[in-house]
Amino acid sequence: EAKQFAASSTSLGSVVVTAYEWAKADYRSAKALVKIDNGTHNEISEILLTLDSLDNVSITEYAIVGTNGSRGTITADISGSNVRIRVNPVNDSTIKITGTLLK
C-alpha cells in the first residue's frame, strides 16, 4: 500500500526544518524528491528512506542536481511516534518535498 504526499516549509538562515513527517506505525519506507531553493540558486535530490524492526532509520540521497554548490543537507530521524525528513539549508530557503510512502 502506498500514499502520495507533498509539503512546503521555510527556513530562515541555517535552521533545521522538518520537511515532512508521518506516523512510523503507518508507513515504514519512503521515496521523495526534496528541493532546497534560496531564491537565486536551488538544488533537488532524490532520497530513499526505510525503517527496520527496531526503528533504526536508513536514508540514502542520490540524483543530486543543483546550481552553485550544495544548498543544504537532508537527514531523517524518529521523534516520538513519527518519522521526520529534516533539511538544514545553508541560508534562507524554501523547502519543497513530494514523494511516496510505502507500508
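Residues numbered from 1 in each chain as written. Predicted model: local features only at pLDDT ≥ 70, side-chain atom pairs only at ≥ 80, totals over all residues. Heavy atoms only, no water.

## Notes on unusual backbone geometry
Alright, step 1. Of note, the phi angle at Asp-55 is positive, near 70°, even though the residue is not glycine.
Alright, step 2. Here Asp-55 shows up in the loop between β4 (42-51) and β5 (57-66).
Alright, step 3. Positive phi, close to 65°, is recorded for Asn-68, a residue that is not glycine. (Helix = DSSP H or I, 4+ residues; strand = E, 2+ residues; numbered from the N terminus.)

## A closer look at the packing of aromatic side chains
Alright, step 1. In the structure shown here, the tally under the stated rule is two aromatic pairs.
Alright, step 2. An angle of 15° between the planes, with centres 4.1 Å apart, marks the rings of Phe-5 and Tyr-20 as stacked. Of this pair, Phe-5 sits in strand β1 (residues 2-11) while Tyr-20 sits in strand β2 (residues 17-23); the two residues are 15 residues apart in sequence, bridging distant segments of the chain.
Alright, step 3. On the basis of relative accessibility, which here comes to 5%, the residue Phe-5 falls in the buried class.
Alright, step 4. A relative accessible area of 15% places Tyr-20 in the buried class.
Alright, step 5. Taken together, the aromatic side chains of Phe-5, Tyr-20 and Trp-22 make up a single cluster linked through ring pairs.
Alright, step 6. Taking the ring centre of Tyr-27 as reference, the NZ or CZ of Lys-103 above it sits at 5.1 Å. (Phe/Tyr/Trp six-rings, centres within 6.5 Å; stacked < 30°, edge-to-face > 60°. Buried < 20%, exposed > 50% of the residue type's maximum accessible area, 1.4 Å probe, protein only. Lys NZ or Arg CZ within 6 Å of the ring centre and 35° of its normal.)

## Here we look at the sheet that holds strand β7 (residues 82-89)
Alright, step 1. Spatial strand order, β2-β7-β6: three strands in an open sheet with antiparallel pairing. If you trace the sheet from one side to the other, it starts and ends with β2 and β6 (72-79), each paired once. Across the sheet, the axes of successive neighbouring strands diverge by a mean angle of 15°, strand direction being ignored.
Alright, step 2. In this structure, β6 lies alongside β7, joined through eight bridges in antiparallel fashion. Note on β7: the bridge partner recorded for Asp-77 is Arg-84. (Pairing = 2+ DSSP bridges. Axes fitted to C-alpha atoms, helices over the stretch in contact; angles between N-to-C directions.)

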